[in-house]
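# Structural overview
Residues per chain are reported as follows:
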Amino acid sequence: WVDIQSHLDEIEKCGDDRIAIFAPYVIGYPSANSPREVITSGAVIRLSVLKEAGLFNESYFIDSVDHEMCYRVRKLGYKIMAPTNGKLEHKIGYVTRIGNTKYHAENYSPMRYYYSTKNSIWIKKQYGHIDTDPGLYSIHAIIIRPVHRIKIIILGEKNKLRKISSIVSGFFAGLFSRPSEIEFL
C-alpha cells in the first residue's frame, strides 16, 4: 500500500449503497482501474453484497476471478468505485520493456497465459450482455488481447512456443468449456 488511509476515508464518506466494490488505484496497471472490472487485491467488498452475490467463483482459477465477481455484482445492479484515492502497488508477472519499442512484455508463466485467455472468454460468454459495447469489448477480450499477447511473446519473451501454445489451448478451452468444468493444463 502506498496510501491505504485515503482509501479507507473515501469508503467511509461514501453514502451510495449501490457501490459494491471499492477498489484502490493500482499503480502501473491503468487497465485495472476501470469501473467495469477491477483487480480486487486491496479492494473492499460490502458484506451485504457478498451475501447476495455469493463468494468468488473458484472455477476462475488463477486469473479473472476478481473480474467475474465484478460482472456478477454489476448484473445485480451494483456499481464499482474505481479508483479510490488509495494507491496500491501490485505486481503480476515480470514486466519488461521490449528494446526501444512502446511494448512491454508481461512475462507470465504459460499456465497464467492459459487461464487468462480461457477465463476472459468465459466471462464474455456469461456476462458480455452487461456492457454498453458488448460486441467491441468481447472482440477485444476474445481476439485482440490474445493476438497482442502472442505478438509480445514473439518480440520479447522466453519460452515462446510453450506460452503461445498455452494461449491457443486457453482460447479453445474458453470456447468449448464452461466454468463448472474444471480442468488443468
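Parameters at a glance
- As a convention, each chain's residues are numbered from 1 in the sequence order in which they are written.
- This being a predicted model, a pLDDT of at least 70 is required before a residue's local features are given, and a value of 80 or more before pairs of side-chain atoms are given or counted; all residues contribute to the totals for chains, interfaces and linings.
- In computing side-chain values, all of the structure's heavy atoms are included and hydrogens and water are not.
- Across the chain, each position has a pLDDT score giving the predictor's confidence in that residue, from 0 to 100.
- Helix numbers and strand numbers start at the N terminus; a helix is a DSSP run of H or I with at least 4 residues, a strand a run of E with at least 2.
- Patch membership requires over 30% relative accessible area and the absence of a salt bridge. Like charges are linked within 9 Å, and nonpolar side chains (Val, Leu, Ile, Met, Phe, Trp, Tyr) within 5 Å.
- Accessible areas in this description were obtained via Shrake-Rupley with a 1.4 Å probe; residue shielding takes into account the shown protein chains only.
- For this document, the term salt bridge refers to a Lys or Arg side-chain nitrogen within 4 Å of an Asp or Glu carboxyl oxygen.
- How far a helix is expected to stretch is found by multiplying one less than its residue total by 1.5 Å.
- The buried label applies to any residue whose accessible area, calculated with a 1.4 Å probe on protein chains only, is under 20% of its type's maximum; exposed applies above 50%, and partly exposed to all values in between.
- Strand pairing is assigned whenever DSSP detects at least two bridges linking the two strands.

### Topic: the confidence of the model for the chain
Confidence in the prediction for the chain averages 85 pLDDT; 88% of positions are at 70 or higher. Confidence, read as mean pLDDT per element, is least for strand 2 (residues 25-27) in the chain (81) and greatest for helix 6 (residues 160-176) (96).

### Details of a nonpolar patch on the surface
On the surface, a cluster of nonpolar side chains totalling about 350 Å² of accessible area is made up of Ile 139, Ile 143, Ile 144 and Val 147. Among the secondary structure elements, Ile 139 is positioned in helix 5 (residues 134-156).

### Regarding the environment of Phe 176
With respect to the helices, strands and loops of the structure, Phe 176 is situated in helix 6. Residues Phe 176 and Trp 122, 54 residues apart in the sequence, show an inter-C-alpha distance of 9.5 Å.

### What to know about helix 6
Taking 1.5 Å per residue, 17 residues should reach 24 Å; helix 6 reaches 24 Å between its end C-alpha atoms and fits that length. When we look at burial in helix 6, the residues that qualify are Lys 163, Ile 164, Ser 166, Ile 167, Gly 170, Ala 173 and Gly 174.

### Comments concerning the sheet that holds strand 1 (residues 19-22)
Within the open sheet, the three strands sit side by side as 3-1-4. Their pairing is mixed. At either margin of the open sheet sits one strand with a lone partner, and together these are strand 3 (44-45) and strand 4 (79-81). By the bridge criterion, two bridges tie strand 1 to strand 3 in an arrangement that is antiparallel. Its bridge partner being in strand 3, Ile 21 is matched across the sheet by Ile 45.

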